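Per-entry structural report
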Amino acid sequence: MKWSLKLIVPIALIGLAPMLYGSGVVAQEVRFSSEYLRDPANITLGKKLWFKRCTLCHGKEAYPGSAPKLRPARYQPEFVYDRVTNGFRGMPAMKQDFSEEERRAIVAYVMSQGFVE
Ligand code: HEC
């Protein structure tokens, strides 16, 4: 490879990375620390949103069978975040309806000890 190419290729890749992130081509890593998940402010916000938007399909109040009962003990927080953000089959994607902060808070509530459907 010519020296100029050796220089240009890495620079082009660095330049491209944020574009790929923004477009969702590269999955954005959203991580959940235990501090975040334990924070009562996050859990409280998430709880409010859960009862506003999720119990329509999930949980006791929902029409039976419209959505599965959630089993947080079997989930990683990143999985719940992905479902809420991107949806899956009958589960609607909610990235237009909720900000990242709100979606993260919903995850904190679902993963919390106090989670009730
Ligand atoms: C319109 C109905 C509907 C609403 C509203 C809804 N869900 Fe769902 N959800 C579903 C259905 C249906 C599935 C099952 C999708 C599948 O796996 O086929 C599901 C699956 C899930 C799963 C994966 C469960 C598993 O064990 O695989 C999670 C987590 C989840 N929903 C969380 C939420 C949260 C949090 C909210 C509120 C922000 C929400 N859902 C709102 C219908 C809904």
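Small disclaimer: the values here were computed from a predicted structure and weren't measured.

1. Some points on the coordination of the iron atom of the ligand
Protein coordination at the iron atom of the ligand comes from His58 (NE2) and Met91 (SD), with a distance range of 2.0 Å. In this structure, the iron atom of the ligand is surrounded by six donor atoms whose angles at the metal cover 88 to 180 degrees, and the resulting shape is octahedral. Placement of histidine 58 in the loop between helix H3 (40–54) and helix H4 (77–86) and of methionine 91 in the loop between H4 and helix H5 (100–110) is noted, with a sequence separation of 33 residues between them. Exposure remark for histidine 58: the relative accessible area of 9% places this residue in the buried category. We classify methionine 91 as partly exposed; its relative accessible area is 22%.

2. Overview of the nonpolar core
With 20 residues, the main nonpolar core has Phe32, Trp50 and Val110 as its most contacted residues. Counting residues per element, the ones that place at least two in this core are helix H2 (34–38), H3, H4 and H5. Residue contributions to this core peak at six residues, all from H5. For tryptophan 50, the residues in contact, after removing those within four places along its chain, are Thr55, His58, Leu70, Tyr109, Val110, Phe115, Val116 and Glu117.

Calculation rules
- Residues numbered from 1 in each chain as written.
- Predicted model: local features only at pLDDT ≥ 70, side-chain atom pairs only at ≥ 80, totals over all residues.
- Heavy atoms only, no water.
- Donors = N, O, S within 2.8 Å, 3.2 Å for Na, K, Ca; no water.
- Tetrahedral: all angles 85-135°; square planar, octahedral: opposite > 155°, others 65-115°.
- Helix = DSSP H or I, 4+ residues; strand = E, 2+ residues; numbered from the N terminus.
- Buried < 20%, exposed > 50% of the residue type's maximum accessible area, 1.4 Å probe, protein only.
- Core = buried A, V, L, I, M, F, W, Y, C linked by side-chain atoms within 4.5 Å.
- Contact = heavy atoms within 4.5 Å.

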